Amino acid sequence: MSQTVHFHSAKEFADRTRAAVGNPAHRRSFRGAMDFLQAKRAAQFPDPQAFENLRTLGEAIRRYSLAHLPDLLERLEARLTANGFHVHWAETAEDANAIALDIARRIEARHVIKGKSMVSEEVGFNHAMEAAGIEALESDMGEYIVQLAGETPSHIIMPAIHKTKQEIATLFAERIPGVDYTEDVDELIRIGRQVLRRKFLAADIGLSGVNFAVAETGTLCLVENEGNGRMCTTVPRIHIAITGIEKVVEKLEHVPPLYSLLTRSATGQAVTTYLNLISGPRRSGELDGPEEVHLILVDNGRSRAYADEQMRATLQCIRCGACMNHCPVYARIGGHAYGTTYPGPIGAIVSPHLLGLESTYPLAFASTLCGACGEVCPVRIPIPELLVRLRNEAQALPTANAPVRGRGAARRMLPSAVWRGWAFVYGHLKTYRLVSWLLSRGRALSPANQGAWTASRTPLVPAPKRLRDLLKEHSR
Amino acid sequence: MSTTRERILGRLRSVPSADVAAPAVDAWYASQEDDDASARVGKLTAALEASHAEVHHCASRDWSSVVLRIAEEKSLRTLLVGAGTPHGEALRRQNDSGNATKSDLQIVDYAASFETWRERLFENIDAGLSVAHSAIAETGSLILWTGPSEPRLLSLVPPVHFVLLDVDRIHATLYAAMQTERWSAGLPTNVLLVSGPSKTADIQQTLAYGAHGPRELVVILRHADGGAS
Amino acid sequence: MSNTSHRHYPAKPGDVYLFATCLVDQFAPEAGLDTVRLLEREGIRVHFPEAQTCCGQPAYSSGYPDEARAVARQQLDLFPRPWPVVVPSGSCAAMIRHHYPSLFADEPTLAERARELGERVFELSEFLVHVVGFQHNDAVEPCTVALHTSCHARREMGSHTTSTALLRGLPNVKLVEQAHAEECCGFGGTFAIRHPDISEAMADDKVQSLRATGAGLVVSADCGCLFNIVGHAAKQDERAGNAKPTLPGEHLATFLWRRTGGERS
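Note that the coordinates shown come from a computational prediction; the quantities given were computed from them, not determined experimentally.

(A) Region of the structure containing the sheet that holds strand 4 (residues 121–123) of chain C. All names here are of chain C. Pairing in this open sheet of four strands is parallel, and the strands run 2-1-3-4 from one edge to the other. Taken across any chain shown, the strands that pair with only one partner, and hence form the sheet edges, are strand 2 (45–47) and strand 4. Each neighbouring strand pair of the sheet contributes to a mean axis angle of 35°, computed without reference to strand direction. Judged from the two bridges that link them, strand 1 (residues 15–18) and strand 3 (residues 85–87) form a sheet pairing that is parallel. Its bridge partner being in strand 3, leucine 18 is matched across the sheet by valine 86.

Put into structure tokens, the structure is as follows:
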């Protein structure tokens, strides 16, 4: 089992969103979290012009990196190899898991301890390990909580954002031997720390993601607050880093602006507690650190998105989550309703490239195109435009070699006909005159039941006279 | 050469390359306000304290007694130092000298590879002492260059982490640190930026310290001219 | 958004075009007429090309670019003189100004015409503030209103500032701000139909925050949002058995005209 999509049709997606918006506690919890994160981010960017200047730089770095992506990947590989890393290439999720399993089998690994890695979620790493009889345990506190509950993250930066401390208290008391119910957050964290410290020591392999991979020095940069990432990349004998091919930057000097944009956008922090720059395994004379470091470079649909000039902008993402923190739809339905590893606006534009439009096209339509996501994106990804593009692709005629898999998956006879009719009316003046006149004059016949519109609104009724009629009278 | 690699690179190369100008990182940082040395000390201190770190200023010659005093106040029993390091030796001498009040503190050397004493490191070491390679004023970040005398776990596993920093090692920004110290010419296997004690807000956005790393970060700022404030 | 910055505003012209939008033409013609009255009072001749229908945004945002293009194409030729085009909707103004060029990207001549047109498309409130220099007294009884700015008006036209300025310029109007003022009301064109549950949740929150301000009226320069918000509030009234609407709404043009002594014909 690899990638997971938990819904397979627009109807299932609609059912999930209905359930989510109908849960007041869920709504309150997300609203509170979103307000908190929005306020924290806003405090980090008090001057709009300074923010624009910095994001111009961030965007330039990401666009430059992508423009040179194949060269940078080769340079990264060469430099990392010279530094003593092992570099692997994975075309699919299955490839990525197979590479990790090969390493695990070679050393007869029983336990993998994981730092936060969305790509490992994307490829279904945990399932692949479990299927091979290897424990894969999350060590980020939020991820640990979510895994303990048998769930998946609902946010890419704050995985357990959907859970209250009471729920977590109950979870700990039920699932961790010898733990009593407590709502004291410090105590809950202390419990997690204690459990996981044993797990770091027991692990044969530490798995991590990568925030930035620097080609010129062969350096992997990891951003975190908890220290579990450092544990995972230091304590076990083997460190495996897994990342998407788009994460490479050319120079070390490209990291500071992106790092600053990332932490300020994600959690409203000027800086995280740790920035961990790894440029090699333990060298002779050193007393700790992994003996082997592996990097798995995952494609999984990215190179296909890369081929399309407009959709390539999707790969600029630095995974800060600001778009979801500011998305009014995400705030109402939460992360799980999306059913994909990456939820929210970024999930809606990334997931089709990873999974195809067949199962993911409803996400592109689950947006009012309000633009809040694009406004806060620290690398200026035009998310609303990309959502529109994916809507177009989803409803276009299927073609071979379409820039995104599953083109035409949402194409339906009836809506296509309706929109052709709409274009005919509004594209032909005489028809429009007639139809709009009929609607005005027949306003008494306007239906009281206008379907989804009147489910929560009063009906729309045309005015007795159109503006064009009033203006004729006005000019007389 | 793996065919997977060739296929991925082949697909990426099949796209006409876009002409995108190199980002002007240097120009952007040049446009930012520059602080003088004393302003950098102030900024660093403020940022570290905002991140829940303790900051102590002292004259360079006094640092060891300051560390020992704080260790005593915190009732620490064991303090880990890099084996054979000048600061480790200095601290041990000071601790053994008896000038200070009779100390129960034991100075422990990180002298053997981690695997040989991992249980003790995880269970029985109260604090670690690092020497910062340099620091960043803007964000209140301490830069550690790990290696044989500054092992990676010394700054991570013990619940209390002391860091010595000379004030003349404070850069304005991370970018300035990288450029001035020419990081691109070569880096140790692990460089760490530490900007406070380990923390998490994963439970209902409530901040808690000591998630996986140190609960306390104690920074000793050493002023060469004795100009402690 | 950077879209909204560095706009060049012309001197007050003698003539303007009105692009009224399909919603105004069919459902809120008073708003269009009041737009004309506001401009004429300033000594500006207003030209309404009768062949106009719709900017094409409904199809564009629903993922039917061919249909959007077919309709948009008809509008491109309607404004031949170099006069400003005033639009009493931030959303439709943004469609023309920001999305027409990419919609016609494959046809360079049309794309150029779209760009040229976009340069002189103005949302009503930005035109009144930056070009007309709107200044009128409202010698009528004091009132308390809340302003809802559409997301496209705010993020693509930057006209939340000008709408606010117009209301703040009226001495007897107390403008109150609702919580989460910058958040979408849940309309989103066909989104309201495609995702009625999410849309309702958003509209519900919006109405609640507007009611909490105590404003007697919600004003907006975009009819789509206004219909969504006021329609949702009215449905609540209906269910509660309120005879009178407890949260009525008015288009900004109508509100300005009514408050500043404009005559009703």
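(B) Fine view of the sheet that holds strand 8 (residues 249–251) of chain C. Residues and elements named next belong to chain C. One open sheet holds the four strands; their spatial order is 6-5-7-8, and the pairing between them is parallel. A single partner strand is all that each edge strand has here, and the edge strands are strand 6 (173–176) and strand 8. Averaged over all adjacent pairs, the angle separating strand axes in this sheet is 35°, with direction ignored. Alignment of strand 5 (residues 143–148) against strand 7 (residues 217–220), held across four bridges, turns out to be parallel. What sits directly across from leucine 147, in strand 7, is valine 219. Here helix 12 (residues 223–240) sits on the sheet in contact with strand 5, strand 7 and strand 8, set at roughly 170° to strand 8.

(C) Layout of the interface of chain A and chain C. Across the contact, 63 residues belong to chain A and 68 residues belong to chain C. Interface area for chain A against chain C, summed over the two sides, is near 5,700 Å², with a carbon-plus-sulfur share of 60%. Ranking the residues of chain A by area buried against chain C places Trp419, Arg457 and Leu467 of chain A at the top, with a combined share of 12%. Here chain A and chain C share nine salt bridges between them. As a salt-bridge pair, arginine 332 of chain A and glutamate 183 of chain C come within 2.8 Å of each other at their nearest N and O atoms. The interface formed by chain A and chain C includes 31 residue pairs in polar contact (both at pLDDT 80 or more).

(D) Spatial organisation of the pattern of salt bridges. One pass over the structure, following the stated rule, counts 66 salt bridges over all chains. Here glutamate 74 of chain A makes a salt bridge to arginine 5 of chain B, at a shortest N to O gap of 3.3 Å. With one member in each of two chains, glutamate 74 of chain A in helix 4 (residues 69–82) and arginine 5 of chain B in helix 1 (residues 3–13) form a pair that bridges those chains. A relative accessible area of 29% places glutamate 74 of chain A in the partly exposed class. We note a salt bridge from glutamate 291 of chain A to arginine 237 of chain A, for which the minimum N-O separation is 3.5 Å. Of this pair, glutamate 291 of chain A sits in the loop between strand 9 (274–278) and strand 10 (292–298) while arginine 237 of chain A sits in the loop between helix 11 (228–234) and strand 7 (238–244), and the two are 54 residues apart along the sequence. When salt bridges that share partners are traced, they join Arg27, Arg31, Asp35 and Arg332 of chain A together with Glu183 and Asp205 of chain C into one network.

(E) Here's a closer look at the pairing of strand 4 (residues 127–131) of chain B. Residue and element names in this part refer to chain B. Across the five residues of strand 4, four count as buried, placing the element largely inside the fold. Of the strand pairs in this sheet, strand 2 (residues 78–82) and strand 4 are connected by two bridges, and their pairing is parallel. Within strand 4, the position partnered with leucine 80 by the bridge is glycine 128. Strand direction decides the pairing type here: strand 4 and strand 7 (residues 160–166), joined by five bridges, are parallel. From the neighbouring strand, glycine 128 faces strand 7, where its bridge partner is histidine 161.

(F) Region of interest: helix 9 (residues 160–168) of chain C. Residue and element names in this part refer to chain C. Burial in helix 9 covers these residues: Thr162, Ser163, Leu166 and Leu167. Relative to the axis of helix 9, the buried residues are bounded by an arc of 135° and lie together on one face. Lining the buried residues of helix 9 we find strand 4, helix 7 (124–132), strand 5, strand 6 and helix 13 (252–259).

(G) Layout of empty space enclosed by the protein. Tallied over the entire structure, the rule returns eight cavities of 30 Å³ or more. The wall of the largest cavity is formed by 14 residues, among which Leu369 and Pro384 of chain A together with His99, His152 and Glu156 of chain C lie closest to the centre. Within the residue set of the lining of the largest cavity, elements represented by two or more residues are helix 19 (383–395) of chain A together with helix 3 (57–61) and helix 8 (151–157) of chain C. Here the lining of the largest cavity is composed, by residue class, of six nonpolar, five polar and three charged. Split by domain, the residues of the lining of the largest cavity number at least three in each of domain 1 (13–131) and domain 2 (136–259) of chain C. The volume enclosed by the second largest cavity comes to roughly 120 Å³. Around the second largest cavity, the lining is made up of 18 residues, and of these Cys327, Pro345, Ala366, Ser367 and Leu387 of chain A lie nearest the centre.

(H) Summary view of the packing of aromatic side chains. Enumeration according to the criterion identifies 23 aromatic pairs over all chains in this entry. With 6.3 Å between their ring centres and 45° between their planes, phenylalanine 114 of chain B and phenylalanine 122 of chain B make a pair best called tilted. Take phenylalanine 114 of chain B and phenylalanine 122 of chain B: they sit in the same class, and that class is buried. When the centroid spacing of 6.2 Å and the interplanar angle of 70° are considered together, the rings of phenylalanine 19 of chain C and phenylalanine 79 of chain C count as edge-to-face. Of this pair, phenylalanine 19 of chain C sits in the loop between strand 1 and helix 1 (22–27) while phenylalanine 79 of chain C is found in the loop between helix 4 (65–76) and strand 3, placing the two residues 60 residues apart along the sequence. Judged by relative accessible area, phenylalanine 19 of chain C falls into the buried class, the value being 0%. Take phenylalanine 79 of chain C: its relative accessible area is 3%, and that puts it in the buried class. Ring pairs connect the aromatic residues Trp419, Trp422, Tyr426 and Tyr432 of chain A together with Tyr64 of chain C, which therefore count as one cluster. The side chain of arginine 41 of chain A reaches across the aromatic face of phenylalanine 51 of chain A, ending 5.0 Å from its centre. When the ring centre of tyrosine 342 of chain A is taken as reference, the NZ or CZ atom of arginine 319 of chain A above it lies at 4.6 Å.

(I) Here's a closer look at the pairing of strand 7 of chain B. Residue and element names in this part refer to chain B. For strand 7, the buried fraction is high: six of the seven residues fall into the buried class. Here strand 7 runs beside strand 12 (residues 216–223); their pairing, made up of seven bridges, is parallel. Along strand 12, the bridge assignment pairs leucine 165 with leucine 221.

(J) Region of the structure containing the environment of histidine 57 of chain B. Residues and elements named next belong to chain B. Topologically, histidine 57 is positioned in strand 1 (residues 54–59). We classify histidine 57 as partly exposed; its relative accessible area is 21%. Separated by 13 residues in the primary sequence, histidine 57 and leucine 44 have C-alpha atoms spaced 12 Å apart. Side chain to side chain, histidine 57 and histidine 223 meet in a polar contact 2.8 Å long.

Criteria and thresholds
Residues numbered from 1 in each chain as written. Chains lettered and ligands numbered in written order. Predicted model: local features only at pLDDT ≥ 70, side-chain atom pairs only at ≥ 80, totals over all residues. Heavy atoms only, no water. Pairing = 2+ DSSP bridges. Helix = DSSP H or I, 4+ residues; strand = E, 2+ residues; numbered from the N terminus. Axes fitted to C-alpha atoms, helices over the stretch in contact; angles between N-to-C directions. Contact = heavy atoms within 4.5 Å. Buried area = accessible area lost by both parts, 1.4 Å probe. Salt bridge = Lys/Arg side-chain N within 4 Å of Asp/Glu carboxyl O. Polar contact = N/O pair within 3.5 Å; in protein donor to acceptor, adjacent residues only side chain to side chain. Buried < 20%, exposed > 50% of the residue type's maximum accessible area, 1.4 Å probe, protein only. Arc of directions from axis to C-beta. 1 Å grid on protein atoms, 1.4 Å probe; cavity = no way out; pocket = protein on both sides within 12 Å on 5 of 7 lines; lining within 4 Å. Points joined across faces, edges and corners; volume = space filled by probe spheres on them. Nonpolar A, V, L, I, M, F, W, Y, C, P; charged D, E, K, R; others polar. Domains from an automatic or database assignment. Phe/Tyr/Trp six-rings, centres within 6.5 Å; stacked < 30°, edge-to-face > 60°. Lys NZ or Arg CZ within 6 Å of the ring centre and 35° of its normal.

What is shown is where atoms sit, not what they do.
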